[in-house]
Amino acid sequence: MNLAMEICEALPHHIGCSGHTLHLAVKAGLDLPVVSKAVDAARRVVSHFRHSSVATRALKARQEQLSIRGRKLQSDCATRWNSTFDMLDRLYEQRIPVQAVLADEAVTNVQYRKTLAIKSSCWDLIEQLLPILSPLAKATTIMCGELHVGLSFLYPVIINLTENTLRPSAGDLTGTQAFKETVRKQLVTRFKLDSETVAKSLPISACMLDPRFKRLLFLPEKAREDAKAHLTDLLHDSEITHSETSGEQDFADCSGTTNALPSEHKKPRLEADLEELFGFHYKSRNPTTKQPTTSEDEIQDFFQMPDIPTLGNPLEWWACNGHQFPRLSKLAKSYLAVPTTSTPSERIFSLAGNTVTRQRSSLHPSHVDALVFLNAN
């Protein structure tokens, strides 16, 4: 992928897989000695309960006795940092019955109690890390999804995380401060947030073509002007191509089935997550009825259109309003279609690897194609 982007002159600003990049940034914070110490202590406790049926039964009895929701502890996976957050979140939720079981001499051996005991300083650090890890985990999950436009909300989410979630607070512990500083530096460096060419980057161009973030409220005023000028240049460069292909239909009809969002019962939770990740950058404006005649007029009228909700589908918006902005709709068709993560394709490779096993090594290639296709769709 990196080699392909190096030889692609039209896309000089390569950000890689956003999900993998965010994973590396958070992983750098979790690998700090003070944070890693707390995570390792939590991992030892979870491993003990998952391998001891006696401790598991005792934990269930304590949960019932204390009227705490009976949920099992979760272990983490090295290749998915989200699982580390899930492990810490579940362990902290069940910390009272867990500590009660570990302190019970009839259940836990004295020798094990010494090695499994989690210090109060580690509990305090875990308590402060959970509110920080939660939006990072939501961002990772959404960035690795394939049912929505992802490139346009990449920078709004990342910048909101660096300016708000990872901002130092007065009551932060030393480990919390180090984690915030490390992850923030990683995000700024890996996503090139301090680059002078960020206004002309592919994600910012896609962001300006998304009715949710077109005003670029997350960028300084100078960067917004540069991005708008770059968008004007892109329109001028594409005018000839547009005149030659003006008869093409850019998007599906707005009455068609273009909604690629999750089912209805999942919308409120996803919308709340998106609003939390987008932060205060989202803002609406009043529409205008002026018909654009030039590229500059088209951009001006587009910016005067009202913003759509954070859970709105920009592809559906362009399907219904693309006829008002023929030049911009061509750009939107190209930029909003660019995937921001390779996670979905990696899932297909993993699925194929699970299908073609030693016990099924004689599968015909066409059968493998059919099995993978049916599973993925």
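Trainee: Help me understand the overall build of the protein, please; the structure alone is not making it clear to me.
Mentor: Check the secondary structure of the protein and you find 18 helices and 0 strands. Counting only residues that meet the buried cut, the protein has 44% of its 377 residues in that class. When contacts within the protein are restricted to residue pairs at least 6 apart in sequence, those whose partners lie at least 24 apart make up 74%. Total accessible area on the protein stands at roughly 20400 Å², and carbon and sulfur atoms take up 53% of it.

Trainee: How should I be thinking about the layout of surface pockets in this particular structure?
Mentor: Remark: the empty space left among the atoms is shown by a probe the size of a water molecule rolled over them. Of the voids in this model, the largest pocket is the one considered here, and its volume is about 830 Å³. As for the largest pocket, its lining consists of 23 residues, of which Lys138, Thr141, Ile142, Arg269 and Asp273 are closest to the centre. Of all the secondary structure elements, the ones that give two or more residues to the lining of the largest pocket are α5 (81–93), α8 (120–143) and α13 (267–278). Sorting elements by how many residues they give to the lining of the largest pocket places α5 first, with 6 residues. Looking at side-chain class alone, the lining of the largest pocket contains 6 nonpolar, 6 polar and 11 charged residues. A volume near 510 Å³ is recorded for the second largest pocket.

Trainee: Would you take a moment to explain the state of the cysteines for this structure?
Mentor: A covalent bond between the sulfur atoms of two cysteines is referred to as a disulfide. This structure, assessed with the given rule, holds 0 disulfides. Its sulfur unpaired, Cys17 is 6.0 Å from the next cysteine sulfur, which belongs to Cys144.

Trainee: What am I meant to see in the confidence of the model for the protein here?
Mentor: Any residue range with low pLDDT should be treated as having predicted coordinates unsuitable for detailed reading. Confidence in the prediction for the protein averages 84 pLDDT; 86% of positions are at 70 or higher. The secondary structure element of the protein with the lowest average pLDDT is α13, at 70, and the one with the highest is helix α10 (residues 174–190), at 95. Confidence drops under pLDDT 50 across residues 256–265; counting only partners more than four residues distant or on other chains, this segment forms 13 contacts. This model gives residues 283–289 a pLDDT under 50, and the stretch forms 18 contacts once residues within four places in sequence are excluded.

Trainee: What is the right way to look at the packing of aromatic side chains in this model?
Mentor: Summed over all chains, the structure comprises 8 aromatic pairs. Ring centres of Tyr92 and Trp123 lie 6.2 Å apart, and the angle between their planes is 50 degrees; on these two criteria the pair is classed as tilted. Of this pair, Tyr92 sits in helix α5 while Trp123 is found in helix α8, placing the two residues 31 residues apart along the sequence. With respect to burial, Tyr92 and Trp123 carry one shared label: buried. Residues Phe302 and Phe303 carry aromatic rings whose centres are separated by 6.0 Å and whose planes lie at 85 degrees to one another, so their mutual orientation is edge-to-face. When its relative accessible area of 0% is taken as the criterion, Phe302 is described as buried. Three or more aromatic residues joined by ring pairs form one cluster here, namely Phe302, Phe303, Trp317, Trp318 and Phe325. Over the ring of Tyr92 we find Arg95, and its NZ or CZ is 4.0 Å from the ring centre.

Trainee: What should I look at first to understand the environment of Met143 in this one?
Mentor: Here Met143 shows up in helix α8. For the pair Met143 and Phe153, spaced 10 residues apart in the sequence, the C-alpha separation amounts to 8.9 Å. In this view, Met143 contacts Ser18, Leu22, Leu154, Val157, Ile158, Thr340 and Thr341; residues no more than four positions away in its chain are not counted.

Trainee: Even after reading the chapter, I still don't get the packing of α8 against α10, so can you show me in this structure?
Mentor: A pair of packed helices is captured by two measures, namely the crossing angle of their axes and the spacing between those axes. Orientation of α8 relative to α10, taken along the N-to-C sense of each, is 20 degrees, at an axis distance of 9 Å. When the interaxial angle is binned, α8 and α10 end up roughly parallel. The crossing of α8 and α10 is right-handed. Contacts from Leu125, Gln128, Leu129, Ile132, Leu133 and Leu136 in α8 reach Gly175, Thr176, Phe179, Lys180 and Val183 in α10. Per-class residue counts for the contact of α8 with α10 are 7 nonpolar, 3 polar and 1 charged.

Trainee: Would you mind going over the nonpolar core with me for this structure?
Mentor: The nonpolar side chains of a soluble globular protein tend to be buried, and buried together. Within the largest apolar cluster, 91 residues are counted, with the highest numbers of intra-cluster contacts made by Leu133, Leu136 and Phe179. Sort the elements by how many residues they give to this core and α8 lands first, with 13 residues. With sequence-adjacent residues up to four places away left out, Leu136 is seen in contact with Leu22, Val26, Trp81, Leu161, Phe179 and Val183.

Trainee: Which parts of the structure should I look at to understand the environment of Ala117?
Mentor: Relative to the assigned elements, Ala117 resides in the loop between α7 (110–116) and α8. Among the residues examined, Ala117 registers a relative accessible area of 47% and is labelled partly exposed. Sequence spacing of Ala117 and Gln99 is 18 residues, and the spatial spacing of their C-alpha atoms is 8.1 Å.

About the thresholds
Sequence order sets the numbering: in each chain, residues are counted from 1 along the sequence as written. For a predicted model such as this one, the threshold for reporting local features is a pLDDT of at least 70, and the threshold for listing and counting side-chain atom pairs is 80 or more; totals across whole chains, interfaces and linings nevertheless cover every residue. Hydrogen atoms and water are omitted, and side-chain values are computed over all heavy atoms in the structure. Secondary structure elements follow DSSP: runs of H or I no shorter than four residues count as helices, runs of E no shorter than two count as strands, and numbering proceeds from the N terminus. Any residue under 20% of the maximum accessible area for its type is buried, any over 50% is exposed, and the rest in between are partly exposed; the area is computed with a 1.4 Å probe on protein chains only. Pairs of residues are marked as contacts when any of their non-hydrogen atoms sit within 4.5 Å. To be clear on the numbers: accessible area is Shrake-Rupley with a 1.4 Å probe, and residue cover counts the displayed protein chains and nothing else. Buried and open spaces are told apart on a 1 Å grid over the protein atoms alone, a cavity being a set of points where a 1.4 Å probe fits but cannot get out and a pocket being an open set with protein on both sides within 12 Å along at least five of seven lines. Residues with an atom within 4 Å of a point are the lining residues. Grid points are joined across faces, edges and corners, and a volume is the space filled by probe spheres set on the points. Side-chain classes are defined by residue name, with Ala, Val, Leu, Ile, Met, Phe, Trp, Tyr, Cys and Pro counting as nonpolar, Asp, Glu, Lys and Arg as charged, and the others, Gly among them, as polar. Criterion for a disulfide: a pair of cysteine sulfur atoms within 2.5 Å. A score between 0 and 100, pLDDT records how confident the predictor is in each residue. Here the aromatic set is Phe, Tyr and Trp, taking the six-membered ring for Trp, and pairing holds for ring centres within 6.5 Å; pairs whose planes are under 30 degrees apart are stacked, those over 60 apart are edge-to-face, and all others are tilted. Criterion for a charge above a ring: Lys NZ or Arg CZ within 6 Å of the ring centre, and within 35 degrees of the ring normal. A fitted line through C-alpha atoms serves as each axis, taken over the contacting stretch for helices, and the angle formed by two N-to-C directions is quoted from 0 to 180°. Between 65 and 115 degrees an angle is taken as roughly perpendicular, under 35 as roughly parallel, over 145 as roughly antiparallel, and anywhere else as oblique. Take the far helix as your reference; a near helix turned counterclockwise from it by less than a right angle gives a left-handed crossing, and one turned clockwise gives a right-handed crossing. Put simply, a nonpolar core is a bunch of buried Ala, Val, Leu, Ile, Met, Phe, Trp, Tyr and Cys residues held in one set by side-chain atoms that sit within 4.5 Å of each other.

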